[in-house]
Amino acid sequence: MHPSHLLLLAGTTVAQSLQDVLTAQSATLSTLNGWLASEALIFDILNSAQGITILAPSNNALAALYSTTLPTQLALDSNLLTAFLSYHVLDGVFFASDFLNNPVASAPTFLNMQAYSNVSGGQVVQSRSQNGGITFFSGNNVQSNVQAYDFNYVGGTLHIIDTALTIPARITDTLITTGLTACVGALQRAGIEAAVNNAPDITLFVPTNAAFDAIGSILNGMTLEQLTTVLNYHVVRGQVLYSQLIKGGGTVVTAEGAALNFRVVQGALFVNSARVVVTDVLVGNGVVHFIDGVLNPANPTATPDPSAATQAPAFSGANTAAGGVPFTSSIILSTTTTLIPTGPTPTASSGATPPPPVVTAGRPHMYGNYLIRC
Ligand SMILES: *[C@@H]1O[C@H](CO)[C@@H](O)[C@H](O)[C@H]1NC(C)=O
């Protein structure tokens with residue numbers, strides 16, 4: 001938050017309450033207003049909180065959730081509505097200009113219950129700004145565009161988003177949803193799936209299925225110990241490295257012990273010789289980036305060829321092997337309930353206003369009577 005914004009808020013007469021904003025914007029926010037009206041406690045918490053930014057899902061955004069598993073999950077999990085709403089509240093007053101002035105940024109949210117987040121300081125949303133537009137990225141790389149912004153009120157400000165945020169899921173659930181199944185299979189084969197899913201504050205570089213396929217001949221000959229060594233070379237513990245924190249020329253030590261080398265070449269980010277093809281996919285315990293090659297701890301000096309569309313493998317003599325993409329034939333799907341709805345992109349033609357979610361009376365709430373800052 002910029003100190004100047006505090007002064008601005010203090011200096012102008014922003015007498016509007018949160019309810020005033022919700023009422024004035026009822027054409028877009030009547031569903032959210034209805035949800036909050038049926039959740040007096042949550043509304044009171046939001047209404048009395050100071051120094052916050054609410055990312056308010058539009059009517060269309062909330063309507064789209066009704067065709068997902070969210071209503072069922074809300075009925076099963078008495079804390080999910082609080083978690084879902086907490087994720088839509090940023091800890092700080094962030095005006096549109098704060099995002100417009102940063103091509104990429106992270107903003108901390110109030111989602112900090114351990115069942116939903118193992119990110120120190122609270123789970124974040126990642127913002128990207130281009131050509132005067134602002135998009136927030138949440139779990140499973142779901143994108144929420146800001147459709148109207150800077151509805152300032154006494155507690156802070158509110159922006160309207162066209163798609164609800166998705167609470168970031170566990171790493172392997174996220175990778176299955178996004179199709180990076182070879183990495184999941186490899187983590188399972190090596191027996192380190194739980195370790196990677198449960199450690200707080202992780203950064204994971206995830207090779208695509210094509211990257212695993214390209215070195216199938218080598219993977220086939222590896223012992224479990226060798227495979228574990230290779231996989232641990234993709235894991236950074238104790239640091240959530242969002243892309244804006246990764247600088248060309250920088251290095252970071254991995255769980256394997258050896259370091260990764262970052263390069264920025266012609267605007268593209270590389271880890272050793274692998275190109276980062278998707279950045280900043282948020283997960284429950286940190287962030288993952290997708291890369292186009294499997295990293296080789298025995299070859300940390302591999303350098304990229306920026307002119308190549310796909311980088312050559314960092315394992316010399318590697319080839320694809322018969323039998324398809326390695327590790328994908330025996331993936332064990334999670335037996336735990338996936339807590340996280342993955343909603344379709346809402347369409348402009350979403351139908352009637354859905355009813356508020358069914359939430360049992362007297363359910364416990366993690367926050368007492370206020371939003372906890374951590
Ligand atoms: C956070 O870690 C705890 C303990 O390791 C685990 O039980 C919980 O499921 C984790 N939460 C998330 C969102 O990954």
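What you see is a predicted model, and the numbers here were worked out from it, not measured in a lab.

Visitor: What am I meant to see in the overall build of the protein here?
Guide: For the protein, the count of helices and strands is 14 helices and 14 strands. Out of the 374 residues in the protein, the part that is buried amounts to 52%. Across the protein, the fraction of contacts at a sequence separation of at least 24, relative to all contacts at a separation of at least 6, is 72%. Carbon and sulfur atoms make up 55% of the accessible area of the protein, which totals about 15500 Å².

Visitor: Is there a simple way to explain helix H14 (residues 224-232) in this structure?
Guide: Note on helix geometry: an α-helix contains 3.6 residues per turn, so any two residues three or four positions apart are oriented the same way. Along H14, the positions that sit buried rather than exposed are Leu227, Thr228, Val230, Leu231 and Asn232. Packed against the buried residues of H14 are helix H10 (181-190), helix H12 (209-214), helix H13 (216-220) and strand E9 (235-237).

Visitor: Sorry if this is basic, but what is going on with the packing of H10 against H14 here?
Guide: The relative placement of two packed helices comes down to the angle between their axes together with the axis-to-axis distance. Packing of H10 against H14 brings their axes to within 9 Å, and their N-to-C directions diverge by 130°. In terms of axis orientation, H10 runs oblique to H14. As for the relative orientation of H10 and H14, their crossing is left-handed in sense. Residues Ala186, Leu187, Arg189 and Ala190 of H10 pack against Leu224, Leu227, Thr228 and Leu231 of H14. Among the residues forming the contact of H10 with H14, the class breakdown is six nonpolar, one polar and one charged.

Visitor: Whenever I open this one, H10 confuses me. Can you help?
Guide: Burial runs high along H10: eight of the ten residues are buried. Taken residue by residue, H10 has Ala182, Cys183, Val184, Gly185, Ala186, Leu187, Gln188 and Ala190 as its buried positions. Glycine 191, located one to two residues past H10, shows a positive phi value of around 75°.

Visitor: Got a minute to help me understand the site of the ligand in this structure?
Guide: In the region of the ligand, the neighbouring residues are Gln114, Ala115, Tyr116, Ser117, Asn118, Asn197 and Asn198. Take glutamine 114: an N or O atom from its main chain is 2.9 Å from a nitrogen atom of the ligand. Note that an oxygen atom of the ligand is positioned 2.4 Å from one of the side-chain N or O atoms of asparagine 118. Considered on its own, the ligand offers 360 Å² of accessible surface; in the complex 65% of this is hidden by protein. For the shell around the ligand, a count of residues per class yields two nonpolar, five polar and no charged.

Visitor: Quick question: what am I supposed to make of the environment of phenylalanine 151 here?
Guide: With respect to the helices and strands, phenylalanine 151 occurs in the loop between strand E6 (143-148) and strand E7 (156-161). Sequence separation between phenylalanine 151 and leucine 18 is 133 residues, and the spatial gap between their C-alpha atoms is 9.2 Å.

Visitor: Please explain the packing of aromatic side chains as it appears in this structure.
Guide: Geometry of an aromatic ring pair is reported as the spacing of the ring centres plus the angle between the planes. Scanning the model with the defined rule gives six aromatic pairs in all. Ring geometry for tryptophan 35 and phenylalanine 84: centres 6.0 Å apart, planes at 45°, overall tilted. Here tryptophan 35 is found in helix H3 (residues 26-37), whereas its partner phenylalanine 84 is found in helix H7 (residues 80-87), with 49 residues between them in sequence. Both residues of the pair, tryptophan 35 and phenylalanine 84, belong to the buried class. Geometrically, the ring pair formed by phenylalanine 94 and phenylalanine 99 is tilted, given 5.9 Å between the ring centres and 40° between the ring planes. Of the two residues, phenylalanine 94 and phenylalanine 99, both sit in the buried class. Here the aromatic residues Trp35, Tyr66 and Phe84 are joined through ring pairs into a cluster of three or more. In this structure, arginine 128 is placed above the aromatic ring of phenylalanine 137, and the distance from its NZ or CZ to the ring centre is 5.8 Å.

Visitor: Could you clarify how one ought to interpret the sheet that holds strand E1 (residues 52-57) in this entry?
Guide: Note: strands within a sheet are paired through backbone hydrogen bonds, in either parallel or antiparallel orientation. Taken in spatial order, the seven strands of this open sheet run E2-E1-E7-E6-E5-E4-E3, and their pairing is mixed. What marks the edges here is a single partner per strand, and that holds for strand E2 (89-91) and strand E3 (104-108). This sheet shows a mean twist of 35° between the axes of neighbouring strands, independent of strand direction. As defined by bridge partners, strand E5 (residues 133-137) adjoins E6 across three bridges and the pair is classed as antiparallel. Opposite phenylalanine 136, over in E6, you have serine 144 as the bridge partner.

Conventions used here
Residues numbered from 1 in each chain as written. Predicted model: local features only at pLDDT ≥ 70, side-chain atom pairs only at ≥ 80, totals over all residues. Heavy atoms only, no water. Helix = DSSP H or I, 4+ residues; strand = E, 2+ residues; numbered from the N terminus. Buried < 20%, exposed > 50% of the residue type's maximum accessible area, 1.4 Å probe, protein only. Contact = heavy atoms within 4.5 Å. Areas by Shrake-Rupley, 256 points an atom, 1.4 Å probe, with all protein chains shown as cover. Axes fitted to C-alpha atoms, helices over the stretch in contact; angles between N-to-C directions. Parallel < 35°, antiparallel > 145°, perpendicular 65-115°, else oblique. Left-handed = near helix turned anticlockwise from the far one by under 90°. Nonpolar A, V, L, I, M, F, W, Y, C, P; charged D, E, K, R; others polar. Near = heavy atom within 4 Å. Polar contact = N/O pair within 3.5 Å; in protein donor to acceptor, adjacent residues only side chain to side chain. Phe/Tyr/Trp six-rings, centres within 6.5 Å; stacked < 30°, edge-to-face > 60°. Lys NZ or Arg CZ within 6 Å of the ring centre and 35° of its normal. Pairing = 2+ DSSP bridges.

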